[in-house]
Amino acid sequence: MTRDEALALDAADPLAPLREQFSLPPGVIYLDGNSLGVLPKATAARVQQVVQQEWGVDLIRSWNSAGWMDLPQRVGDKIARLVGAGAGELVVADSTSVNLFKVLSAALSMAQADTPKRRRIVSERSNFPTDLYIAESLARERGYELVLVEADELPAALDEHCAVLMLTHVNYRSGRMHDMAGLSRAAADAGALTVWDLAHSAGAVPVDLHTDGADFAIGCGYKYLNGGPGAPAFVWAHPRHAERFWQPLAGWMGHAAPFEFTPGYRPAAGISRYLCGTPAVLSLAALECGVDTVLAAESLGGMTALRRKSLALTRLFAEQVQATCPGLTLVSPRDDAQRGSQVCLSHAEIAYPVVQALIARGVIGDFRAGDTSHPAGAVDILRFGFTPLYLRFVDAWDAAEHLRQVLDSGEWQRPEFNRRHAVT
Ligand SMILES: *Cc1c(COP(=O)(O)O)cnc(C)c1O
């Protein structure tokens, strides 16, 4: 493809106006929205309003008058529209890690009651480490075994020992997307519950939790939902489990009537019991602005249209790189149906300095170290996330061209690109 052809795709793109919602720094091609989404233009003014008026002037009255108390549910209802959940089924609270602890605890308690002989949590070896750490510690505490397998081995691991299948829908490293419907059905047929992490899915790929038969789901607010650094996360449990989805962090905000101040805990009905402490109002206000940028696509075809563009962007980038950078290997799936919204490349030795050299050129992707403990995940990765809300086809084309120039010129060899930072 030529650069002019990429520009023509942008001219014909019905989603192009959505980019106007964002405050993108000039000269930057941002391919890291899968790690920290871009700042929406509306966020600064909204947060300022919450700080100056709602907090500064109205003070504690704002819990009622400004609707602070309902923020976890209100923003939750908006996210629900993006993941195939119903209103009142999803709340925003805490972090992804903490929410995983809650839903996995709930799933284990249900499994313990229904299928006490099943003692395994099954997950993928290359799942995001925090997910594996939480599962490992819960498994230890509750007398379960965490069994890690490769993606292709998952169906076989759904046997009479499996209590819970815990997966991240789109793999953070490879960008590979699981068949949520197929695996949820296979798990249910095998008698196991499913916990899905939507960190790289919500706002990036269409998700239909009800149709796909998931039991529990969690997800991240600061990636494709553009909620800002450390934005609170979300949590969903299928309403068919409403009478049973106990979770252990029984804080007062998850109580049926927090302002009765009774000594005994009575869980709120439904998903609100997954709240624990006081909501992070400033962060929730920022997250709502971020979620609104995704909902703005609803009149233009919603997640289906965003997905179409995302696939076209990742395809364009992957094809350009393959045509011009022979030293790089495509790690993310070629097959559209298996690819999330990112492109991952590998290089035997120089992945880290190449990413640093690109960042110096204003092309921001990231580096993910290989897991040397296992051959299947050993390779270092150059990771590029494509957010269809604000990326143009010409950005994908230019990013591939920068990558070619970094490799051909050898500029990645400069010492400053070979010094490791704390956050990669
Ligand atoms: C980003 C991400 C997280 C982040 O968890 P935090 O609690 O927000 O730090 C968790 N799981 C997966 C799969 C992620 O991609």
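The structure under discussion appears in the preceding block.
Along each chain, numbering runs from 1 in the same order as the chain's sequence is written. Local features in this predicted model are restricted to residues of pLDDT 70 or higher, and side-chain atom pairs are both shown and tallied only at a pLDDT of 80 or more, whereas totals for entire chains, interfaces and linings draw on every residue. With hydrogens and water set aside, each side-chain value is computed from the structure's full complement of heavy atoms.

Draft legend 1. The sheet that holds strand β10 (residues 342-346), seen in detail. Ordered in space as β9-β10-β13-β12, the four strands form an open sheet in which the pairing is antiparallel. In this open sheet, the two edge strands, each paired with only one partner strand, are β9 (329-330) and β12 (366-368). For two strands to count as paired, DSSP must find a minimum of two bridges between them. Helix and strand labels come from DSSP, where a helix needs a run of H or I of at least four residues and a strand needs a run of E of at least two; each type is numbered from the N terminus. The pairing of β12 with strand β13 (residues 381-385) spans three bridges and is antiparallel. Residue pairing across strands places F367 opposite L382, the latter belonging to β13. We call two residues in contact when some of their heavy atoms are within 4.5 Å. Between N-to-C directions, angles span 0 to 180 degrees; the directions come from axes that are lines fitted to C-alpha atoms, helices contributing only their stretch in contact. Running over the sheet, helix α11 (residues 302-324) touches β9, β10 and β13 and is turned about 20° from β10. Seen against the sheet, helix α12 (residues 351-360) touches β12 and β13 and runs at an angle of roughly 35° to β13.

Draft legend 2. The sheet that holds strand β6 (residues 193-197), seen in detail. What the seven strands build is an open sheet, ordered β2-β8-β7-β6-β5-β3-β4; its pairing is mixed. In this open sheet, the two strands that pair with only one neighbour each are β2 (90-93) and β4 (145-149). Averaged over neighbouring strand pairs, the angle between their axes works out to 20° when direction is ignored. Note: β2 against strand β8 (residues 233-237), four bridges, orientation antiparallel.

Draft legend 3. Summary view of the packing of helix α4 (residues 71-83) against helix α10 (residues 281-295). Direction vectors running N to C along α4 and α10 enclose 25°, while the axes themselves pass 10 Å from each other. Relative to α10, the element α4 is oriented roughly parallel. Every pair of crossing elements has a handedness; the one defined by α4 and α10 is left-handed. In this structure, α4 contributes L71, P72, R74, V75, K78, I79, R81 and L82 to the contact, and α10 contributes V281, L284, L287, E288, V291, D292, V294 and L295. Three classes are used, and their members are as follows: Ala, Val, Leu, Ile, Met, Phe, Trp, Tyr, Cys and Pro are nonpolar, Asp, Glu, Lys and Arg are charged, and the others, Gly among them, are polar. Of the residues in the contact of α4 with α10, the class split is 11 nonpolar, no polar and five charged. Here is the rule for angles: anything less than 35 degrees is roughly parallel, anything more than 145 is roughly antiparallel, 65 through 115 is roughly perpendicular, and the remaining ranges are oblique. Helix crossings are classified by the rotation of the near helix relative to the far one: an anticlockwise turn of less than a right angle makes the crossing left-handed, while a clockwise turn makes it right-handed.

Draft legend 4. Molecular detail of the site of the ligand. Around the ligand sit S95, T96, S97, F128, T130, D131, T168, D197, A199, H200, Y222 and K223, and those are all the residues in its vicinity. Definition of a polar contact: a pair of N or O atoms within 3.5 Å, with one able to donate and the other able to accept a hydrogen when the atoms are protein atoms, and with sequence-neighbouring residues admitted only if both atoms are side-chain atoms. Note that an oxygen atom of the ligand is positioned 2.9 Å from one of the side-chain N or O atoms of H200. Contact distances for the ligand include 2.7 Å between an oxygen atom and a side-chain N or O atom of Y222. When isolated, the ligand has an accessible area of 390 Å², and the protein chains bury 87% of it. Because more than half of its atoms lie within 2 Å of the grid, the ligand is assigned to the second largest pocket. Of all the secondary-structure elements, those providing two or more residues to the shell around the ligand are α5 (96-114) and α6 (129-142). Partitioning the shell around the ligand into residue classes produces three nonpolar, six polar and three charged. Whether a residue is near a molecule or strand is decided by its heavy atoms; if any one of them lies within 4 Å of it, the residue is near. For every accessible area listed, the method is Shrake-Rupley and the probe measures 1.4 Å; residues are considered covered only by the protein chains on display. In this analysis a 1.4 Å probe is tested at points of a 1 Å grid over the protein atoms alone, and where it fits but cannot get out there is a cavity; an open set with protein on both sides within 12 Å along at least five of seven lines is a pocket; lining residues have an atom within 4 Å of a point. Throughout, a molecule is located in a cavity or pocket provided that more than half of its atoms lie within 2 Å of its grid points.

Draft legend 5. Local environment of the packing of helix α1 (residues 3-11) against helix α13 (residues 393-409). Contact geometry of α1 with α13 gives a least axis separation of 7 Å together with a crossing angle of 155°. Relative to α13, the element α1 is oriented roughly antiparallel. From α1, R3, A6, L7, L9 and D10 reach across to α13, where they touch F393, V394, W397 and D398. In terms of residue class, the contact of α1 with α13 is built from six nonpolar, no polar and three charged.

Draft legend 6. Inspection of α13 at higher detail. Between its first and last C-alpha, α13 extends 24 Å over 17 residues, near the 24 Å set by a 1.5 Å rise per residue. What α13 keeps buried is the set F393, V394, D395, A396, W397, D398, A399, A400, L403, V406 and L407. One or two residues past the end of α13 sits G410, with phi positive at roughly 75°. The span one expects for a helix is its residue count, reduced by one, times 1.5 Å. Each residue is placed in one exposure class: buried if its accessible area under a 1.4 Å probe, protein chains only, is under 20% of its type's maximum, exposed if it is over 50%, and partly exposed if it falls in between.

In short, the description is geometric, and any link to function would need to be established separately.
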